[in-house]
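The lines below spell out each chain.
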Amino acid sequence: MSPAFVLEVQTNREEEELVESHQYHDGVKHLCERGLAKVPRKYILPALERPFISKKDGATNLKLPVIDLAKLQGPDRVHTLKSLSKACEEYGFFQLINHGIASESVLNMFQAARKFFELPFEERSKYMSKDQSVPVRYGTSFNQNKDSVFCWRDFLKLSCHPLSDVLPNWPSSPAELRQAVVNYSKETKSLYLMLVKAVLESLGLVETAENADENDSCDHLEEFEDGSQLIVANFYPSCPEPDLTLGMTPHSDYGFLTLLLPDEEVKGLQIQHEGRWVTVEPIPNSFVVNVGDHLEIFSNGRYSSVLHRVLVNPFKSRMSIASLHSLPFNSMIRPSPKLISDANPRQPKHVQRIQVLLEDTQIF
Ligand SMILES: O=C(O)CCC(=O)C(=O)O
Ligand SMILES: [Fe+2]
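So, here is what we can say about the structure in this document. Keep in mind the model is a prediction, meaning the values are calculated, not measured. (Residues numbered from 1 in each chain as written. Chains lettered and ligands numbered in written order. Predicted model: local features only at pLDDT ≥ 70, side-chain atom pairs only at ≥ 80, totals over all residues. Heavy atoms only, no water.)

Things to note about the sheet that holds strand E1 (residues 61-62)
Here is the rule we go by: Note: two strands are recorded as paired if DSSP finds a minimum of 2 bridges between them. For helices the rule is a DSSP run of H or I covering at least 4 residues; for strands it is a run of E covering at least 2, with both sets numbered from the N terminus onward.
Here five strands make up an open sheet; going across it, the order is E1-E10-E9-E12-E7 and the pairing mixed. The open sheet has two edge strands with one neighbour each: E1 and strand E7 (248-251). Bridging between E1 and strand E10 (residues 276-280) involves two bridges; their strand directions are parallel. Within E10, the residue paired with Asn 61 across the bridge is Thr 279.

Shown next, in the form of structure tokens:
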């Protein structure tokens, strides 16, 4: 074979890959709409990273520890705080029931997000951007600018703080989206603040509700009130070969807490627990809440930001809505001094696990 011929074949292949990779950047939904019988090479994970490599993986469904918000606010608070602490230490996850957010608000949020994903590609693609700091971003995979293998997910990310600044940038279509996200983000923010208060209390950083000096606990909460909030709508189309790819590859969330509404009909979220992948069984009308990297750092490793991932399936698309919360942009996240002691020294290893970092958040 002449060198010129080899070069030509190589160039053609590179060109093909370029054309292909452009298609992949348009998202999985767009790709599936054109009909797919097989998973394209770009989404095929190396054999050892595929979802069903071990028989044990995913064989068990897991009922996460349940925290009842109504009990957290009543006479059972101290006992419930202990359960909260145990869940954050042992699982990094819990399900929150009786959360008080109206089902209408949840439904409207899901419906608006679903309608967004159903818009023609030209409309959705207006919000594609490489810039991670923009207040609205439609995209695909985990980080499409870095991933060598893509995951089977499209997303819409809406920055929610401060609302008055970001709102004019949010998609104007579908018509109901802005109002649905405003309502939902306000409700999840106040729920998050209740949970943060409980978390601080469970770590012994504020006094129990009955004894607390109002001003003292408010001081602590101010930074959290002004914190960042990102709402992420995830869409995972059904997949012809689900054992070759993942909706989201193993990751931990960057913030303090994530309040997740998983699809109630379609399972898919798996967490790493006791050395294996287990599938979360969502309880209807509840949130799945997880500890993020910033809380792991802040708690000096007492609470765990646990790896999780998402399976896809050949039958049905899946949706989830995540609300990720942390301190304001540019804040320093470091272990609370009260949680560092000779017996529990500062744990630098916990800082290294951060995988998704808001660009301006410093961690040291
Ligand atoms: O779709 C899910 O159940 C999980 C989504 C997730 O992990 C995330 O958005 O960070
Ligand atoms: Fe996550």
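Past the structure itself, the notes keep going.
Here we look at the sheet that holds strand E5 (residues 154-159)
For clarity, the cut-off: To define axes, lines are fitted to C-alpha atoms, for helices over the stretch in contact only, and angles between the resulting N-to-C directions are given on a 0 to 180 degree scale. Working rule for contacts: check all heavy atoms of both residues, and any pair within 4.5 Å makes them a contact.
Read across the open sheet, the eight strands follow the order E2-E3-E11-E8-E13-E6-E5-E4; overall the sheet is mixed. The sheet terminates laterally at strand E2 (66-68) and strand E4 (136-140), the two strands that pair on one side only. Adjacent strand axes in the sheet meet at a mean angle of 25° when their direction is disregarded. Two strands pair when backbone bridges link them, and strand E6 (residues 228-236) and strand E13 (residues 318-326) are joined in this way by nine bridges, in the antiparallel orientation. From the neighbouring strand, Tyr 236 faces E13, where its bridge partner is Arg 318. Relative to E13, helix H5 (residues 103-118) is tilted by about 115°, and along the sheet it contacts E4, E5, E6, strand E8 (257-261) and E13.

Quick look at the layout of surface pockets
Note the threshold: A cavity here means a set of 1 Å grid points, computed over protein atoms only, where a 1.4 Å probe fits but cannot escape. A pocket is an open set with protein on both sides within 12 Å along at least 5 of 7 lines, and lining residues have an atom within 4 Å of a point. Grid points are joined across faces, edges and corners, and a volume is the space filled by probe spheres set on the points. For this scheme, ten residues count as nonpolar: Ala, Val, Leu, Ile, Met, Phe, Trp, Tyr, Cys and Pro. Four count as charged, namely Asp, Glu, Lys and Arg, and the remainder, Gly too, count as polar.
Each pocket or cavity is described by its volume, and for the second largest pocket that value is around 450 Å³. Surrounding the second largest pocket, 18 residues form its lining, Val 106, Leu 107, Phe 110, Pro 262 and Glu 264 being those nearest its centre. When the residues that make up the lining of the second largest pocket are grouped by side-chain class, the tally is seven nonpolar, six polar and five charged.

A few points about the site of ligand 1
What counts here: Each residue is tested against the molecule or strand, and it is near if at least one of its non-hydrogen atoms lies within 4 Å. Counted as a polar contact is a pair of N or O atoms within 3.5 Å, where, for protein atoms, one must be capable of donating a hydrogen and the other of accepting one, and residues adjacent in sequence contribute only when both atoms are in side chains. Computed with a 1.4 Å probe, the accessible areas rest on the Shrake-Rupley method; for each residue, only the protein chains presented here act as cover.
Around ligand 1, a shell composed of Asn 234, Tyr 236, Met 248, His 251, Asp 253, Leu 260, Leu 269, His 308, Val 310, Arg 318, Ser 320 and Ala 322 is seen. Between ligand 1 and Tyr 236 there is a distance of 2.7 Å, counted from an oxygen atom to a side-chain nitrogen or oxygen. The fraction of the free accessible surface of ligand 1 (300 Å²) that becomes covered by protein chains is 96%. Counting only elements with at least two residues in the shell around ligand 1, the list comes to E6, E7, strand E12 (308-310) and E13. Among the elements that take part in the shell around ligand 1, E13 stands out by supplying three residues, more than any other. The class makeup of the residues in the shell around ligand 1 is six nonpolar, four polar and two charged.

Regarding the coordination of the iron ion (ligand 2)
The condition that has to hold: Note that water is not among the atoms considered, so a metal site may appear incomplete; the donors listed are N, O and S atoms within 2.8 Å of the metal, with 3.2 Å applied to Na, K and Ca. The buried label applies to any residue whose accessible area, calculated with a 1.4 Å probe on protein chains only, is under 20% of its type's maximum; exposed applies above 50%, and partly exposed to all values in between.
Protein ligation of the iron ion (ligand 2) involves His 251 (NE2), Asp 253 (OD) and His 308 (NE2), the donor distances falling in the range 2.1 to 2.2 Å. When the donor residues of the iron ion (ligand 2) are listed from N- to C-terminus, their spacing reads H-x1-D-x54-H. Taken together, the residues Asp 253 in the loop between E7 and E8 and His 308 in strand E12 connect sequence positions 55 residues apart. With respect to class, Asp 253 is no different from His 308; both count as buried.

A word on a negative patch on the surface
The following threshold applies: Candidate patch residues must exceed 30% relative accessible area and have no salt bridge, after which like charges are joined if within 9 Å and Val, Leu, Ile, Met, Phe, Trp or Tyr side chains if within 5 Å. Counted as salt bridges are all cases of a side-chain nitrogen of Lys or Arg within 4 Å of a carboxyl oxygen of Asp or Glu. A residue counts as positive if it is Lys or Arg and as negative if it is Asp or Glu; His and the chain ends are not included. A single reference atom marks each charge: NZ on Lys, CZ on Arg, CG on Asp, CD on Glu.
Side chains of Glu 222, Glu 223, Glu 225 and Asp 226 sit close together on the surface and give a patch of like negative charge. By the secondary structure assignment, Glu 225 is in helix H9 (residues 214-225).

Some details on the packing of aromatic side chains
For the record, the criterion: Pairing of aromatic side chains here covers Phe, Tyr and the six-membered ring of Trp, requires ring centres within 6.5 Å, and sorts the geometry by plane angle: under 30 degrees stacked, over 60 edge-to-face, intermediate tilted. A ring is scored as having a charge over it whenever the NZ atom of a lysine or the CZ atom of an arginine sits within 6 Å of its centre and within 35 degrees of its normal.
Counting across every chain of the model gives 10 aromatic pairs. A centroid spacing of 5.1 Å and a plane angle of 75° characterise the contact between Tyr 43 and Trp 152, whose relative ring orientation is edge-to-face. Note that Tyr 43 is positioned in the loop between helix H2 (28-33) and E1 and Trp 152 in the loop between E4 and E5, a separation of 109 residues in sequence. Among the residues examined, Tyr 43 registers a relative accessible area of 0% and is labelled buried. Taken together, Phe 116, Phe 117, Tyr 127, Tyr 138 and Phe 235 form an aromatic cluster joined through their ring pairs. Note that Lys 157 overlies the ring of Phe 155, its terminal NZ or CZ placed 4.6 Å from the centroid.

Here we look at empty space enclosed by the protein
Considering all chains together, one arrives at one cavity of 30 Å³ or more under this definition. Of the pockets and cavities examined, the largest cavity occupies roughly 30 Å³. Pro 262, Asp 263, Val 266, Lys 267, Gly 268, Leu 269, Val 280, Pro 282 and Arg 318 together form the lining of the largest cavity. Taken together, the residues that form the lining of the largest cavity break down as five nonpolar, one polar and three charged.

Things to note about the packing of H5 against helix H8 (residues 177-202)
What counts, and what does not: Throughout this description, any angle smaller than 35 degrees is read as roughly parallel, any larger than 145 degrees as roughly antiparallel, any in the 65 to 115 degree range as roughly perpendicular, and the remainder as oblique. Handedness of each helix crossing follows the sense of rotation of the near helix against the far helix: counterclockwise by less than a right angle gives left-handed, clockwise gives right-handed.
Following both chains from N to C, one finds H5 and H8 inclined at 135°, their axes separated by 9 Å at the closest point. Between H5 and H8, the angle falls in the class oblique. For H5 against H8, the interelement crossing comes out left-handed. Of the residues in H8, those in contact with Ser 105, Val 106, Asn 108, Met 109, Ala 112 and Phe 116 of H5 are Leu 177, Ala 180, Val 181, Asn 183, Tyr 184 and Glu 187. For the contact of H5 with H8, the class distribution of residues is eight nonpolar, three polar and one charged.

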